[in-house]
Amino acid sequence: MEPWDRKKTMNRSSTIFTAVVALMYATAVAGLAQPTIAPDGVRFTYHGAAKRSVSVVGDFNGWSKEDDPLQATADGSWSAVRTLRPGLYQYKFLVDGTDYVNDPGNPALIDNYNRSSRNSVFVLTSEVTILLSAEAPPVTVNPNDVYPRADDRKKVFVHILWHQHQPLYANPETDQLTGPWVRTHGTKDYYDMAAMLEKYPDVHCTINLTSSLLHQLRGYYLDRLGPYVDARKRTIDIDGFWKQWKGKTDPWIDLALTPASSYTENDKDLLYRNAWNAFGINDVMLERFPEYHALKTKLASSPDVHGAMFSVQELQEIIFWFYLAHFDPDFLRGPVTLTGGVVCDLSDLVREEGEGIFRLKRQVTHADCVRMVVEAYNVMAAIIPVHRALHYSPEKRTGQIEVITTPYYHPILPLIYDSDLARTCQPTDSLPPRFSYPEDARAQVVKAVRMYKNIFGFAPTGMWPGEGSVAQPVLEILRSNGIVWTASDVHVLQRSRPPGQPNTTPFRFPAGSKPISLVFRDTDLSDRIGFKYQSMEGEAAAEDFVQSLLAFAPRKDQPDVLITVILDGENAWEWYRQDVDAKRFLNALYRKLTALHRQGRITSTTMSEYIGGNPGRGVPAHPVESQPAMEWLWPGSWINANFDTWIGEQEENTAWEYLLQARQDLQQSGVQRPDPRKDAPRKGSRAGNAFMAWEEMYAAEGSDWFWWYGADQTAPAGDTPFDLGYIAHLKNVYRFAALAGGTMPARTFTPIIRVGDSTPDSGSAGQGVMGKSNEKKK
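Residues numbered from 1 in each chain as written. Predicted model: local features only at pLDDT ≥ 70, side-chain atom pairs only at ≥ 80, totals over all residues. Heavy atoms only, no water.

Visitor: I tried to follow the packing of helix α3 (residues 181-190) against helix α5 (residues 211-225) on my own but got confused; where do I start?
Guide: The relative placement of two packed helices is expressed as an angle between their axes plus a distance between the axes. Packing of α3 against α5 brings their axes to within 10 Å, and their N-to-C directions diverge by 110°. Taken together, the axes of α3 and α5 lie roughly perpendicular to each other. Residues Val 182, Arg 183 and Tyr 190 of α3 pack against Leu 213, Gln 216, Leu 217 and Tyr 221 of α5. When its residues are assigned to classes, the contact of α3 with α5 shows five nonpolar, one polar and one charged. (Axes fitted to C-alpha atoms, helices over the stretch in contact; angles between N-to-C directions. Helix = DSSP H or I, 4+ residues; strand = E, 2+ residues; numbered from the N terminus. Parallel < 35°, antiparallel > 145°, perpendicular 65-115°, else oblique. Contact = heavy atoms within 4.5 Å. Nonpolar A, V, L, I, M, F, W, Y, C, P; charged D, E, K, R; others polar.)

Dropping the structure here:
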């Protein structure tokens, strides 16, 4: 059932609906304001100048510029109708494929999701009227979780996948992380997103932990800090740690352990001058800590950032707040017993005023800064254990969380396999010379499965490909490495064959032997959590979500319905304005899913559980072999159903040319490619250097570097740190290959981003237009 059809069934008869539509349509034709109601949806009309094309992009289509374009009309305007559910919607027109403009016919504007620009906005009411307003209509709340019986309907199955990922910040040349974001999200998101499910045993979901995240978490934090931390006494042997690992974790670890009176100019660069610094926090979060906010205000008002603007005490407070503000609010409110028994309690340091405003209880000391490192370690040390403890076992049918992973360095796997696959989904884009190394794509998968086995003791059954990027050739690589299911976006399904398939079931591919199961996310529901609910009260947002799910309930004589929701499980929460870290929303959502499961209306499930069945929870088996067959899979990602975020723009293509050059040089160097199934040789040995040369090649194939190139995405602190990180990996390929005795030519890889081009642009797509950079990492 299409969304518009579902909307017509909500608390109204079709007769009343038709009458309202007819009235509103007649009224809209006589007026100039738009969007307007049309008989089959909401009509968008663009009256401005356009030479080739106009599309409407918004939070109703995942800001996808690849949806059907508007049609030119006889009067010179462009028009199209979209089927929508009631709600508040942000949008823009994309003119000639490059210019994002607000609707000239709509005076209503709203800040985008990260307040970097403004978008056009309107409200579609449940009475099927258009309000040109930035104020969302009142939303029904249901705090007692009372839902009417629906005896003529079957339950809805929902599969929620939280994607947890960080790019590789490690530079093997310095053996240090360039960014602290694994740690900051570790203390704010990675532990809590799993642990909170313990309170709701009837809620099952999937969590994706990427290999690059796990690699850094273990190798740069747990292994290096662990021997020197006394978790229960909250102390650390600073001298012992520094003797072995000073300058070898992330730089802000050393800053917190160093008395502020001893800070050098380089330390102050890291603290507040560099692109990545201790004010690396968005405004929504910052406003919850007024004293931290005041320090940033002082920095912003200073005419000279290189001057001595901060006292020693203030320098100490900056590093303290940088840590504390990135702890989950539960740790600030009282004791939390972590998996393993260690308690984290920061409530002796801050008090909460009202809801979500935290102030110091006393003056910050150096000992408090040292303690921040210990507390951060304790939380990070519990991340893997909590996932292991809650992991869903298909054999035993116990547990709540299916833990999966991603190809090792988070590449766009189809582009590594063959970049010319993009010619199908980007036929008019200028593409770089062909990069085609199927063996690298296979190595990325093999390495990821191997790490997962080493950590959890068994192999993953599911794999989320980087950015939901799929193509037919890579499915065989996944399946041959034991992967039973994978996922992408509904826009990929809509372009695949056979056409017109509903996004309410998994599909199998190929139709013959050893198929793999594919599910496709519901973009609207996923983006509601990722973006729309940021401005809503938590209870209302959770009710909206479950009501949207209930609208999918099939009749008793219809097939089972599975709705898949996939989004980042980390960055969205810090943008929730009325709900600290989305705690009320998530708790209300899980509480409602619990109630609806017990009523037989909605059952949350993991994919392995849905495939294999779990009679104890009322989940029948849906074997891969019994799922509808796909004839042909469209190559694309969860963004625009193509790969244009990573390839096709000039900067992106230059990065691919660099990658191809390095890959060709390495292949011709005489340095043998190591077996990805085997352990790394001894560090510093000839074999160890050969291993690292190829490892750096695989790291350079990661998607995160290409994400920030071009005009379609802009990082909050600028793109330069990612550009320099990418160049460092390429240079390390040559350095390690030479140390391994390989013959490598002299190459100079100059930074791709020109000076001045890395500053965030409020009019750029990605962050500026839709404010979607919070879907990505720091």
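Visitor: I'm lost on the side chain of Asp 250 in this one. Help?
Guide: Examined against the element boundaries, Asp 250 turns out to sit in the loop between α6 (238-245) and α7 (251-257). Among the residues examined, Asp 250 registers a relative accessible area of 0% and is labelled buried. Side-chain polar atoms of Asp 250 contact the backbone nitrogen of Trp 252, separated by 2.8 Å. (Buried < 20%, exposed > 50% of the residue type's maximum accessible area, 1.4 Å probe, protein only. Polar contact = N/O pair within 3.5 Å; in protein donor to acceptor, adjacent residues only side chain to side chain.)

Visitor: How should I be thinking about the packing of aromatic side chains in this particular structure?
Guide: By convention here, two paired aromatic rings are described through the distance between centres and the angle between planes. Enumeration over the complete set of coordinates arrives at 45 aromatic pairs. Arranged with centres 5.4 Å apart and planes meeting at 65°, the rings of Phe 706 and Tyr 726 form a pair that is edge-to-face. Placement of Phe 706 in helix α26 (residues 703-708) and of Tyr 726 in helix α27 (residues 720-739) is noted, with a sequence separation of 20 residues between them. For the pair Phe 706 and Tyr 726, a shared accessibility class is recorded, and that class is buried. (Phe/Tyr/Trp six-rings, centres within 6.5 Å; stacked < 30°, edge-to-face > 60°.)

Visitor: Looking at this model, I keep getting lost on helix α21 (residues 538-550). Mind explaining?
Guide: Each α-helix turn comprises 3.6 residues. Residues three or four places apart therefore point the same way. Under the 1.5 Å per step criterion, the end-to-end length of α21 is 19 Å for 13 residues, consistent within 8% with the ideal 18 Å. In terms of residue burial, α21 counts as a mostly covered element, since 12 of its 13 residues are buried. Every buried residue belonging to α21 is among Gly 538, Glu 539, Ala 540, Ala 541, Ala 542, Glu 543, Asp 544, Phe 545, Val 546, Ser 548, Leu 549 and Leu 550, and all of these are buried. In this structure, the buried residues of α21 make contact with β11 (156-164), α20 (523-530), β26 (561-568), α22 (583-598) and β27 (602-604). Capping of α21 at its N-terminal end is provided by Glu 537; its side-chain oxygen lies 2.8 Å from the backbone amide nitrogen of Glu 539. (Expected span 1.5 Å × (residues − 1).)

Visitor: Would you explain the environment of Leu 549 in this entry?
Guide: Within the secondary structure, Leu 549 sits in helix α21. The sequence separation of Leu 549 and Lys 155 amounts to 394 residues, and the corresponding C-alpha distance is 9.9 Å. Other than its neighbours up to four places away in sequence, Leu 549 contacts Val 156, Val 158, Leu 525, Ile 563, Leu 593 and Ile 602.

Visitor: How should I be thinking about the sheet that holds strand β2 (residues 41-46) in this particular structure?
Guide: Pairing between sheet strands relies on hydrogen bonds along the backbone, with the strands arranged either parallel or antiparallel. In spatial order, the strands read β1-β2-β5-β4; together these four strands make up an open sheet with antiparallel pairing. Every other strand in the sheet has two partners, leaving β1 (36-38) and β4 (71-72) as the edge strands with one partner each. As paired elements, β4 and strand β5 (residues 78-82) share two bridges and run antiparallel to each other. Its bridge partner lying in β5, Ala 72 is registered against Trp 78. (Pairing = 2+ DSSP bridges.)

Visitor: What should I look at first to understand the pairing of β26 in this one?
Guide: A regular strand carries its side chains on alternate faces of the sheet. Counted residue by residue, β26 has eight buried out of eight residues, so it is predominantly covered. For β11 and β26, the ladder comprises eight bridges, and the chain directions are parallel. Residue pairing for β26: Leu 161 is matched across the bridge by Ile 566.

Visitor: Explain the nonpolar core here, please?
Guide: In summary, soluble globular proteins display a tendency toward joint burial of nonpolar side chains. One finds Trp 162 and Tyr 726 to be the most contacted residues of the largest nonpolar core, which totals 214 residues. Counting residues in each nonpolar core, the second largest holds 19 residues, with Val 42, Phe 60, Tyr 91 and Phe 122 among its members. (Core = buried A, V, L, I, M, F, W, Y, C linked by side-chain atoms within 4.5 Å.)

Visitor: Please explain the side chain of Ser 211 as it appears in this structure.
Guide: By the secondary structure assignment, Ser 211 is in helix α5. With relative accessibility at 1%, the residue Ser 211 sits in the buried group. Among the polar contacts made by the side chain of Ser 211, one reaches the side chain of Thr 405 at a distance of 3.4 Å. Of the polar contacts made by the side chain of Ser 211, one reaches the backbone oxygen of Thr 406; its length is 3.5 Å. Once residues within four sequence positions are removed from consideration, Ser 211 is found in contact with Thr 405, Thr 406, Tyr 408, Ala 448 and Met 451.

Visitor: Would you explain the pattern of salt bridges in this entry?
Guide: Side-chain pairing between opposite charges can occur once the charged atoms of the two side chains come close. Applying the stated criterion across every chain, the model contains 48 salt bridges. Arg 362 is the salt-bridge partner of Asp 368, the closest N and O atoms lying 2.8 Å from each other. Judged by relative accessible area, which is 38%, Arg 362 ranks as partly exposed. A salt bridge links Arg 528 to Asp 544; the shortest N-O distance between them is 2.6 Å. Placement of Arg 528 in helix α20 and of Asp 544 in helix α21 is noted, with a sequence separation of 16 residues between them. By relative accessible area, Asp 544 is classed as buried at 19%. (Salt bridge = Lys/Arg side-chain N within 4 Å of Asp/Glu carboxyl O.)

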